[in-house]
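As a plain string of letters, each chain reads:
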Amino acid sequence: MPIDLHQRKVLLTGASRGLGVHIARALAGAGAQLLLTARDATKLAEIAQACERAGAKVSVIAADLANPDDRASLIDRAGEIDILINNAGVEYTRRLLDQTDAQVHAQIALNLAVPIDLTRRVLPSMLARGTGTIVNISSMSGKGATPFNSVYAATKHGLNGFTTSLRLELHGTGVHVGVVCPGFVSAGMWGRTGIRAPLALREVGPERVAAGVMKVLRGAKQVLVTAGPVRPLLALVELFPGIEGPMLRMTNIVRTLEQRANALDAAPD
Ligand code: NAP
């Protein structure tokens, strides 16, 4: 079902590349008024032009979201936001002890602390107006275990917990909070690795993530974006903790992530 976002002002983080570009295009197609942010001003301008060609009203603000002053100024300049999409994120798929302090802190900041902070900054105005939606782009790493990715998985589990807790807390206020959990996507941070996902969890296209965002804007609470139905497997792991090890080994997910970790180890930081 198409959604009409005319007159709705959307702040989208991580809009300069990867999944953000596809989310921006989908929002533009639905008539939203877009405020795109990321650090790379040149790429933001290119995406903005493409969205404008699709008929959207677009503004861009370059900001380093790891910097609290940039976040404060972004929200100040943004004015009233109807929809916040916390999409910016970073992932370092490496053994825990191979991660640098900077990599650990960047993942905790960008994937968890920043979405919480931006939410706290936009929420008062949404509550005052009795309307608003916050969409958090999490990951299947926030639903199940992903070896060689413990810090990223911790941040995404945290983001999922934050989303559900806040959604319950905001019940009846008119403000909706939902989460999109992509698995392996053929664009963005996974697409760039050049490694193929295992057959059991093969890549999905980035347009599926954008469609997941639209579902949350229509009221969905949690959208899993994967190639196959994974909810029964997640339920099995909840019922029988410990079976995730054999399951992830059998489906080659452990080997794929180990391959990714080895490739990152071989590359300069
Ligand atoms: P990506 O291609 O690496 O893009 C990341 C975006 O975040 C870029 O626009 C980047 O822009 C922005 N960003 C990074 N650090 C920033 C900072 N300090 N300040 C402001 N912006 C910053 O990643 P992606 O694949 O599109 O991922 C988008 C979201 O989807 C993430 O939350 C990720 O965890 C999630 N996800 C992705 C996949 C996948 O397979 N692609 C799967 C599951 C979940 P600048 O560099 O210009 O700042």
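None of the values given here were measured: they were computed from a predicted structure. (Residues numbered from 1 in each chain as written. Predicted model: local features only at pLDDT ≥ 70, side-chain atom pairs only at ≥ 80, totals over all residues. Heavy atoms only, no water.)

**Some words on the overall build of the protein**
Stage number 1. In terms of regular secondary structure, the protein is built from 10 helices and 7 strands.
Stage number 2. Whereas a compact globule of 269 residues would reach a radius of gyration of roughly 18 Å, the protein reaches 18 Å, a difference of no more than 12%.
Stage number 3. With respect to the three principal axes, the spread of C-alpha positions in the protein is 50 × 40 × 30 Å.
Stage number 4. By the burial criterion, 50% of the 269 residues in the protein qualify as buried.
Stage number 5. Within the protein, residue pairs in contact and separated by at least 24 positions form 68% of the contacts whose partners lie at least 6 positions apart.
Stage number 6. With the model as given, the accessible surface of the protein reaches about 12700 Å², and the carbon-plus-sulfur share is 55%.
Stage number 7. Put simply, the protein has 29 plus and 22 minus side-chain charges, and the middle of one group is 6 Å from the middle of the other. (Helix = DSSP H or I, 4+ residues; strand = E, 2+ residues; numbered from the N terminus. Rg over C-alpha atoms; globule rule 2.2 N^0.38 Å. Buried < 20%, exposed > 50% of the residue type's maximum accessible area, 1.4 Å probe, protein only. Contact = heavy atoms within 4.5 Å. Areas by Shrake-Rupley, 256 points an atom, 1.4 Å probe, with all protein chains shown as cover. Lys, Arg positive; Asp, Glu negative; His and termini not counted. Charge placed at Lys NZ, Arg CZ, Asp CG, Glu CD.)

**Here's the deal with the nonpolar core**
Stage number 1. If you look at the biggest cluster of nonpolar residues, it comprises 37 residues, and the most contacted ones within it are Ile 23, Leu 27, Leu 34, Leu 36 and Ile 85.
Stage number 2. Once residues lying within four places of it in the same chain are set aside, the contact partners of Ile 85 are Val 10, Leu 11, Leu 12, Thr 13, Ile 23, Leu 27, Val 135, Ile 137 and Val 213.
Stage number 3. Ranked by size, the runner-up nonpolar core spans 24 residues in total, among them Ala 78, Ala 88, Leu 110 and Leu 118. (Core = buried A, V, L, I, M, F, W, Y, C linked by side-chain atoms within 4.5 Å.)

**Some remarks on the site of the ligand**
Stage number 1. Among the 29 residues in the neighbourhood of the ligand, the closest are listed as Arg 17, Leu 19, Arg 39, Tyr 152 and Arg 192.
Stage number 2. A distance of 2.7 Å separates an oxygen atom of the ligand from a polar backbone atom of Leu 19.
Stage number 3. Burial of the ligand by the protein chains amounts to 96% of its free accessible area of 880 Å².
Stage number 4. Of all the secondary structure elements, the ones that give two or more residues to the shell around the ligand are helix H5 (150-169) and helix H6 (188-191).
Stage number 5. In terms of residue count, H6 provides more of the shell around the ligand than any other element does, 3 residues in total.
Stage number 6. Residue composition of the shell around the ligand, by class: 14 nonpolar, 9 polar and 6 charged. (Near = heavy atom within 4 Å. Polar contact = N/O pair within 3.5 Å; in protein donor to acceptor, adjacent residues only side chain to side chain. Nonpolar A, V, L, I, M, F, W, Y, C, P; charged D, E, K, R; others polar.)

**Re the environment of Arg 231**
Stage number 1. In this fold, Arg 231 is placed in helix H8 (residues 231-239).
Stage number 2. Overall, the relative accessible area of 46% leaves Arg 231 in the partly exposed class.
Stage number 3. A sequence separation of 205 residues divides Arg 231 from Ala 26, and the C-alpha atoms of the two residues are 26 Å apart.
Stage number 4. Ignoring sequence-local partners within four residues, the contact set of Arg 231 consists of Gln 222 and Leu 224.

**Some remarks on the pairing of strand S5 (residues 132-137)**
Stage number 1. The buried count for S5 comes to 6 of 6 residues, which makes it a mostly enclosed element.
Stage number 2. Neither face of S5 is exposed, since Gly 132, Ile 134 and Asn 136 on one face and Thr 133, Val 135 and Ile 137 on the opposite face are all buried.
Stage number 3. Note that strand S4 (residues 83-86) and S5 share 4 bridges and pair parallel. Across the sheet, Ile 85 pairs through a bridge with Val 135, a residue of S5.
Stage number 4. Note on the crossover from S4 through helix H4 (residues 101-129) to S5: the handedness is right-handed. (Pairing = 2+ DSSP bridges. Right-handed = clockwise from strand over helix to strand, strands pointing away.)

**Structural notes on a nonpolar patch on the surface**
Stage number 1. Nonpolar side chains collect at one region of the surface, where Leu 233, Leu 236, Leu 239 and Phe 240 lie side by side and expose about 390 Å² of accessible area between them.
Stage number 2. Examined against the element boundaries, Leu 233 turns out to sit in helix H8.
Stage number 3. You can call Leu 233 partly exposed: its relative accessible area is 41%. (Patch = residues over 30% accessible without salt bridge, like charges linked within 9 Å, V, L, I, M, F, W, Y side chains within 5 Å. Salt bridge = Lys/Arg side-chain N within 4 Å of Asp/Glu carboxyl O.)

**Looking at unusual backbone geometry**
Stage number 1. Phi angles above zero are rare outside glycine, and Phe 148 is one such case at about 70 degrees.
Stage number 2. Mapped onto the elements, Phe 148 comes out in the loop between S5 and H5.
Stage number 3. A positive phi angle, close to 70 degrees, is found at Asn 252, a residue other than glycine.
Stage number 4. Residue placement: Asn 252 occurs in the loop between helix H9 (244-250) and helix H10 (253-266).

**Here's the deal with the pattern of salt bridges**
Stage number 1. This model, assessed by the stated rule, comprises 9 salt bridges.
Stage number 2. Lys 43 is paired through a salt bridge with Asp 40; the nearest N and O atoms lie 3.9 Å apart.
Stage number 3. For Asp 265, the salt bridge is made with Arg 94, and the minimal N-O distance between the two is 3.0 Å. One end of the pair, Asp 265, is in helix H10; the other, Arg 94, is in the loop between S4 and H4, and 171 residues separate them in sequence.
Stage number 4. When salt bridges that share partners are traced, they join Arg 94, Arg 95, Glu 258 and Asp 265 into one network.

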